[in-house]
Amino acid sequence: MPTVGDLHVEGVSAWYGQARVLHEISINVPAGSVVALFGHNGAGKSTLLRSIAGVHTQCGGQVTVAGGRLDDKAAHEVARSGLMLVREGARVFDSMTVAEHLELGVRLAVCTDRAPRTAEEIYELFPVLGERSDARAGYLSGGQRQMLALGAAFASQPSCLLLDEPSGGLAPTVAREIFDKVAELAALGVAVLVAEQNPLWLQNVANAGYVLETGQIMRSGPIDTLVAHSFAVDGA
C-alpha cells in the first residue's frame, strides 16, 4: 500500500528569472481525497504543480507528504518519495507499449521499497489498457494516452498524484470517464491535486478546491461553493 498521508504546501513562491509568478501559495490535500486547483491559462497552475514536484526549481516554500519534507529534493527524488506528476498532454513514449509503460511504474516502486500495483490491477481499473497492452502509445487515442499516463503513475504506488489539466483535448464523455477514474484512485488512499480550468469537470469528483489568479490563491472552500461563485461571476 502507498504511504498514506496528506500533501501540505506552505508558502510556495516561484520565479521565472526576476519575474515572480507565484505568491506564497498554501494548500492542503488530505489523503484519499481529490482537491481541485482552478484558474485560467497563465494563472500559474502548471508552475505550482511543477514546483511541488521539484521540476521547476526557481521556487521557495515548504512541501510535505506524510510529514516528510520534499521541497529540498530534486524531481527524481520527489518521484521516488511517492509524489507523481502527470503533466498536461499525457506525455507518454510513443514507441513504448502500454505494458512497457506500466513496467516503468512497477520498477520505480520496487527500487523505493514500495509494493507496486500489478498490471492486472491497472487493467482492472482501466480495461481499455488491458485490451491494448501490446499497442504502442503512439497508436492510442487521446483518452487512452491519458489513461496510460495515469495507470503508469499509479503502478508506482504513489501517495500523491498531481494532475495537470487531464481533460485537455478530450471529448466531454471521455473527460468524464477520466475523472471517474481519478475519483477511484483517490478512494484507494491517494491524495490527488487536479489543475483544471472548468470547475464543472470536478464538481462531482473533488471534495474541495482553490482558485488561482495571477499567481495568488483568491478563494478556497467546498467545491459546490466555488462552482456557484464561478458562474455567478461569469454571468454578472
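The structure reproduced in this document is the subject of the present report. (Residues numbered from 1 in each chain as written. Predicted model: local features only at pLDDT ≥ 70, side-chain atom pairs only at ≥ 80, totals over all residues. Heavy atoms only, no water.)

**As for the pattern of salt bridges**
- Applying the stated rule across the entire model yields 8 salt bridges.
- A salt bridge links Lys45 to Glu165; its shortest N-O distance comes to 3.4 Å. Residue Lys45 is located in helix H1 (residues 45-52), and its partner Glu165 is located in the loop between strand E7 (160-164) and helix H7 (172-187); the two are separated by 120 residues in the primary sequence. The same class applies to Lys45 as to Glu165, namely buried.
- For Arg117, the salt bridge is made with Glu121, and the minimal N-O distance between the two is 3.2 Å.
- Take Arg117: its relative accessible area is 10%, and that puts it in the buried class.
- Judged by its relative accessible area of 34%, Glu121 is partly exposed. (Salt bridge = Lys/Arg side-chain N within 4 Å of Asp/Glu carboxyl O. Helix = DSSP H or I, 4+ residues; strand = E, 2+ residues; numbered from the N terminus. Buried < 20%, exposed > 50% of the residue type's maximum accessible area, 1.4 Å probe, protein only.)

**Quick notes on the sheet that holds strand E2 (residues 19-29)**
- Here 4 strands make up an open sheet; going across it, the order is E2-E1-E4-E5 and the pairing antiparallel. Whereas interior strands pair on both sides, the edge strands pair on one side only; in this sheet they are E2 and strand E5 (68-69).
- Sitting on the sheet, H1 touches strand E1 (7-16), E2 and strand E4 (59-65), and the angle it makes with E1 is about 115°. (Pairing = 2+ DSSP bridges. Contact = heavy atoms within 4.5 Å. Axes fitted to C-alpha atoms, helices over the stretch in contact; angles between N-to-C directions.)

**Digging into the side chain of Glu165**
- Taking relative accessible area as the criterion, Glu165 reaches 8% and is therefore assigned buried.
- When near neighbours in sequence (up to four residues on either side) are disregarded, Glu165 contacts Asn41, Lys45, Glu88, Ala195, Glu196 and Gln197.

**Looking at the state of the cysteines**
- Scanning the model with the defined rule gives 0 disulfides in all.
- Unpaired in this structure, Cys59 has its nearest cysteine sulfur neighbour in Cys160, at a distance of 15 Å.
- Relative accessible area serves as the criterion here: at 31%, Cys59 is assigned to the partly exposed category. (Disulfide = S-S within 2.5 Å.)

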